[in-house]
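These are the residues of each chain, in order.
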Amino acid sequence: MSGLYTRFTSGVLFPLHERLKRHDSVAVRRSLEASQWWPPERLEALRVERLRALLVQAGQHVPYYRELFAEAGFDPSTVASVADLQRLPFLTKAVVRAQGERLRHEQAEGLARFNTGGSSGEPLIFFIGRERVSHDVAAKWRATRWWGVDIGDPEIVVWGSPIELGAQDRVRAWRDRLLRTELLPAFEMSEAKLDGFVAAIRARRPKMLFGYPSALSHIARHAERRGQRMDDLGIEVAFVTSERLYDDQRETISRLFGCRVANGYGSRDAGFIAHECPSGGLHLTAEDVIVEIVAPDGRVLPPGQSGEIVVTHLATKDFPFIRYRTGDVAVLDTARCACGRTLPLVKEIQGRSTDFIVAADGTVMHGLALVYVVRDLPGVRGFKIVQHSLQRTEVQLVADAGFDRPARAAEIQAGLKRRLGAGVQVDVNYVDAIAPEKSGKYRYVVSHVAAASPAPEAAPHA
Ligand SMILES: [Zn+2]
């Protein structure tokens, strides 16, 4: 049962916060909590109606799509099924980069700009409107409540993004305090830091944890090594996302924190795509996203077959994501979930992995700690960081013509040495393009040093 403060936060404080930001997430969450039980035909009708509306807006007000539809003779008002999407080309990251502002709705206001490395490591700039934020917040909120917890329940977030940390201004700090959320930065996992994380979790006694599965299982194993119990704190659920969740990680987190583990799949660019329910089903946010599974030749595959996840986000009229290629690999399911929700299921997410890297002194850290050093430098078109050994790490770089090579290389070397150790050799090599893995998937960090905790050799077979 939720406490009084949680009910106040979920029912009053957070809705107020959302209204001040001009988000509709409260209303959207209510409607999502109704539609999750709808008969499939009714859900499908809603999706088609919203898809048609999105495409009509794009054809009228988004320069890139206006031109594209005219050239292809595509009339969005005739869209009668989700399969009609197959008449349109994919939206690749390269297209987003090349089109930029031409993907914006002409009348859009109040858009937030995002820059993400994506799975290729190449920076991707895109915009998100309030409608989209409201829907993504609402979908996450709904999934949180599936687990008997709510916004306002004490929460520990283990996260690594310095962008989010940078946003820790006073307003943000107050908001987190009111929502009873505490952020633990997951960059470095030194022994001392891990002791601090364990102590912080014990002091907070959170009802929920949120973070990378690798980071949470790492903290759990550390507590175990220290002989420190964590299953006596009343933690209900650990929400994990952003990486592939391995079975041993699920087992470790569940056993040591004494809680259930809820897997989620989504990203800033693609949206809140799927979330696990307590019956074990990984449900698509089917009201908001249309997911197609696509073969390398572009054919749409039926459920049961493995292929790339292509997403059409229905709340993106301000900056449409229509048939957006995520680079991640999954299999859809036709089975129904025991929980009774009719939202379709994902059988397996196969292609999410971020390696851990190991510093010269043995400190294990998230690969993102190195990614951020390189990703946001101006003029970086693409990169890949390869840790060959504890003593040597290589950065492969695709740079613009105007890139200040000596100065930037020194910056990268200094940044990586700060994390890996001063004595580590950091080579910066310029290349024309970053070659994908044998699997065809791009990875921006590859470590050939076996971290003690996660198992890099168990890499996804995407
Ligand atoms: Zn379910």
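One can find the structure itself at the top, above this paragraph.
Here's a quick rundown of the structure. (Residues numbered from 1 in each chain as written. Predicted model: local features only at pLDDT ≥ 70, side-chain atom pairs only at ≥ 80, totals over all residues. Heavy atoms only, no water.)

Regarding the packing of helix 2 (residues 25–35) against helix 6 (residues 130–146)
Between helix 2 and helix 6, the shortest axis-to-axis distance is 8 Å and the interhelical angle comes to 50 degrees. In this view, helix 2 runs oblique relative to helix 6, as classed from their interaxial angle. The way helix 2 lies across helix 6 gives a crossing that is right-handed. Note on element contacts: helix 6 touches helix 2 through Ser134, His135, Val137, Ala138, Ala139, Trp141, Arg142 and Arg145, opposite Ser25, Val26, Val28, Arg29, Leu32, Glu33 and Ser35. Each residue belonging to the contact of helix 2 with helix 6 can be placed in one class, and the counts come to seven nonpolar, four polar and four charged. (Axes fitted to C-alpha atoms, helices over the stretch in contact; angles between N-to-C directions. Helix = DSSP H or I, 4+ residues; strand = E, 2+ residues; numbered from the N terminus. Parallel < 35°, antiparallel > 145°, perpendicular 65-115°, else oblique. Left-handed = near helix turned anticlockwise from the far one by under 90°. Contact = heavy atoms within 4.5 Å. Nonpolar A, V, L, I, M, F, W, Y, C, P; charged D, E, K, R; others polar.)

Re the packing of aromatic side chains
Applying the stated criterion across every chain yields a total of 13 aromatic pairs. Taken together, a centroid distance of 5.8 Å and an interplanar angle of 20 degrees make the contact between Phe114 and Phe126 stacked. Remark: Phe126 occurs in strand 2 (residues 124–128) and Phe114 occurs in strand 1 (residues 112–116); sequence separation between them is twelve residues. Look at Phe126 and Phe321: their rings are 5.7 Å apart centre to centre, the planes differ by 85 degrees, and that puts the pair in the edge-to-face class. Highlighted residues: Phe126 in strand 2 and Phe321 in strand 13 (residues 321–333), separated in sequence by 195 residues. Phe126 sits in the buried class, given a relative accessible area of 0%. Taken together, the ring pairs connect Phe114, Phe126, Phe127, Phe319, Phe321 and Tyr324 into an aromatic cluster. Its guanidinium or amino end placed over the ring of Phe210, Lys140 lies 4.6 Å from that ring's centre, counting from NZ or CZ. The lysine or arginine in question, Arg405, covers the ring of Tyr430, its NZ or CZ lying 3.9 Å from the ring centre. (Phe/Tyr/Trp six-rings, centres within 6.5 Å; stacked < 30°, edge-to-face > 60°. Buried < 20%, exposed > 50% of the residue type's maximum accessible area, 1.4 Å probe, protein only. Lys NZ or Arg CZ within 6 Å of the ring centre and 35° of its normal.)

As for the coordination of the zinc ion
With distances of 2.1 to 2.2 Å, the protein atoms coordinating the zinc ion are Cys277 (SG), His283 (NE2), Cys337 (SG) and Cys339 (SG). Relative to the metal, the four donor atoms surrounding the zinc ion lie at angles of 104 to 120 degrees, and the coordination shape comes out tetrahedral. Read from N- to C-terminus, the donor residues coordinating the zinc ion fall into the pattern C-x5-H-x53-C-x1-C. Placement of the pair is Cys277 in the loop between strand 9 (271–276) and strand 10 (282–284) and Cys337 in the loop between strand 13 and strand 14 (345–349), with a sequence separation of 60 residues. With respect to class, Cys277 is no different from Cys337; both count as buried. (Donors = N, O, S within 2.8 Å, 3.2 Å for Na, K, Ca; no water. Tetrahedral: all angles 85-135°; square planar, octahedral: opposite > 155°, others 65-115°.)

Here we look at the nonpolar core
The biggest cluster of nonpolar side chains holds 76 residues, and the ones touching the most others in it are Ile201, Phe257, Val395 and Leu397. Examining the composition of this core, we find that six residues originate from one element, helix 12 (residues 368–375), more than from any other. Each residue touching Val395, except ones within four places of it in the same chain, is listed here: Val374, Lys384, Ile385, Ile412, Leu416, Val426, Asp427, Val428 and Asn429. Residues Tyr64, Leu68, Phe69 and Ala330 belong to the second largest nonpolar core, which totals 48 residues. (Core = buried A, V, L, I, M, F, W, Y, C linked by side-chain atoms within 4.5 Å.)

A word on the sheet that holds strand 10
The mixed open sheet is built from eleven strands, whose spatial order is 4-3-6-7-8-9-10-14-13-12-11. Sheet topology places strand 4 (181–185) and strand 11 (289–294) at the edges, where each strand pairs with a single neighbour. Mean inter-strand twist for the sheet, computed between neighbouring axes without regard to direction, equals 35 degrees. Two elements, strand 11 and strand 12 (residues 306–313), share six bridges in a ladder whose sense is antiparallel. Following the sheet pairing, Val291 is matched in strand 12 by Val311. Across the sheet, helix 9 (residues 191–204) lies against strand 3 (155–159), strand 4 and strand 6 (208–211), angled at about 175 degrees from strand 4, the strand it touches most. (Pairing = 2+ DSSP bridges.)

Re helix 4 (residues 63–72)
An α-helical turn contains 3.6 residues, so a residue and the one three or four places further along point in the same direction. Those residues of helix 4 not exposed but buried are Pro63, Tyr64, Tyr65, Leu68 and Phe69. On its buried face, helix 4 is in contact with helix 3 (40–61), helix 5 (93–99) and strand 13. In the segment just after helix 4, Gly73 is the residue with positive phi, at about 65 degrees.

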